[in-house]
Amino acid sequence: MVTKVIAGHLREDMTVQFWNKFLDEQLGYFDGGMEDIMKVLKVSYYHLPPGLQVCFRYCSIFPQDNEFKKEELVQMWIASGLISQTTGEAENARDVAEECLAQLTRKSFFNLKLRNFHFERNECHEYYVMHDLMHDLATWVSSGECARIFDANGSKKVKTTVRHLSVVGINSFPADIIKSFSRFKNLRTIVFEDCHDIQDNTVCSVEEVVRRDLKSPACRESSLIQ
């Protein structure tokens, strides 16, 4: 995977000078350790255009090995304000988002997978996944912007600058902890995981957070809950 990412990075500039510089600065002391691998991956990330960087960071709110469906991921990127969009340009926004996904896939930040689900008709299901190392990278570069919360104590550690949030097992969260999400004034996205049979009091607490946050200019045009 690392080799594929490096290859994608080097294809951006085919000059001898660029390749030699990368070899000397990034691979000169490369011994295959985790620290060196992450260093190389960070270089590839920081060479991405800003629009691709933000879409990549966003995906850190999902678990490792998450299977992304193209249409769902594109819609979430748009709804969360990651894709520039003006009135009447919804179709164009989808095109831009799909191109972002295509570019990230070409650069091996995502891997396109196929799964047969109807052998007789030879029909396949397409989905995208991030390698574990790429997920670790996304988590690192999105610190303070994206977060995943697994329990009530974890919510207290989330920085108030967070914009995109994933909450796992919301039913186990006390109402006062859920209501405290209102302190995230820049919040644009909340994704709930493992929220089957959600309780009424939990729903009420979430609705209260939504009502408060939608009054904020930062959230009026965003999709707060997905």
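Residues numbered from 1 in each chain as written. Predicted model: local features only at pLDDT ≥ 70, side-chain atom pairs only at ≥ 80, totals over all residues. Heavy atoms only, no water.

(A) Summary view of the sheet that holds strand 4 (residues 164–168). If you walk across this open sheet you meet the 3 strands as 3-4-5, and the pairing is parallel. Looking along the sheet, the strands with just one partner apiece sit at the ends: strand 3 (146–149) and strand 5 (189–193). Between one strand axis and the next, the sheet turns through 15° on average, direction left out of account. As paired strands, strand 4 and strand 5 are joined by 5 bridges and run parallel to one another. (Pairing = 2+ DSSP bridges. Helix = DSSP H or I, 4+ residues; strand = E, 2+ residues; numbered from the N terminus. Axes fitted to C-alpha atoms, helices over the stretch in contact; angles between N-to-C directions.)

(B) Up close: the packing of aromatic side chains. Enumeration according to the criterion identifies 7 aromatic pairs in this entry. Ring centres 5.0 Å apart and planes at 65° place the aromatic pair Tyr-45 and Tyr-46 in the edge-to-face group. On the numbers, 5.8 Å between centres and 90° between planes, the contact of Phe-68 with Phe-110 is edge-to-face. With Phe-68 in the loop between helix 4 (50–58) and helix 5 (70–79) and Phe-110 in the loop between helix 6 (90–106) and strand 1 (111–118), this residue pair connects regions lying 42 residues apart in the sequence. For the pair Phe-68 and Phe-110, a shared accessibility class is recorded, and that class is buried. Among the aromatic residues, ring-to-ring pairing joins Tyr-45, Tyr-46, Phe-56 and Phe-109 into one connected group. (Phe/Tyr/Trp six-rings, centres within 6.5 Å; stacked < 30°, edge-to-face > 60°. Buried < 20%, exposed > 50% of the residue type's maximum accessible area, 1.4 Å probe, protein only.)

(C) Geometry of the packing of helix 3 (residues 34–46) against helix 7 (residues 132–141). The N-to-C vectors of helix 3 and helix 7 enclose an angle of 65°; their axes lie 10 Å apart at closest approach. Taken together, the axis directions place helix 3 and helix 7 in an arrangement best described as roughly perpendicular. Considering only the axes of helix 3 and helix 7, their crossing is right-handed. Along the contact surface, helix 3 presents Met-34, Ile-37, Met-38, Leu-41, Lys-42, Tyr-45 and Tyr-46, while helix 7 presents Leu-133, Met-134, Asp-136, Leu-137, Trp-140 and Val-141. Counted by class, the contact of helix 3 with helix 7 contains 11 nonpolar, no polar and 2 charged residues. (Parallel < 35°, antiparallel > 145°, perpendicular 65-115°, else oblique. Left-handed = near helix turned anticlockwise from the far one by under 90°. Contact = heavy atoms within 4.5 Å. Nonpolar A, V, L, I, M, F, W, Y, C, P; charged D, E, K, R; others polar.)

(D) Spotlight on the environment of Cys-204. On the secondary structure map, Cys-204 appears in helix 10 (residues 200–213). Residue classification places Cys-204 among the partly exposed positions, given a relative accessible area of 46%. As a C-alpha pair, Cys-204 and Lys-179 span 25 residues in sequence and 9.6 Å in three-dimensional space.

(E) Structural context of the layout of surface pockets. For the largest pocket, the calculated volume is near 240 Å³. In terms of lining residues, the largest pocket is bounded by 17 residues, among which Ser-143, Gly-144, Cys-146, Ala-147 and Arg-148 are the most central. Those elements that place two or more of their residues in the lining of the largest pocket are helix 7 and strand 3. No other element matches the 4 residues that strand 3 contributes to the lining of the largest pocket. Looking at the lining of the largest pocket residue by residue, the classes come out as 6 nonpolar, 7 polar and 4 charged. Of the pockets and cavities examined, the second largest pocket occupies roughly 200 Å³. Lining the second largest pocket are 11 residues, and of these Phe-62, Asn-66, Glu-67, Glu-72 and Met-76 lie nearest its centre. It is helix 5 that contributes the most residues to the lining of the second largest pocket, 4 residues altogether. Here the lining of the second largest pocket is built from residues that sort into 5 nonpolar, 3 polar and 3 charged. (1 Å grid on protein atoms, 1.4 Å probe; cavity = no way out; pocket = protein on both sides within 12 Å on 5 of 7 lines; lining within 4 Å. Points joined across faces, edges and corners; volume = space filled by probe spheres on them.)

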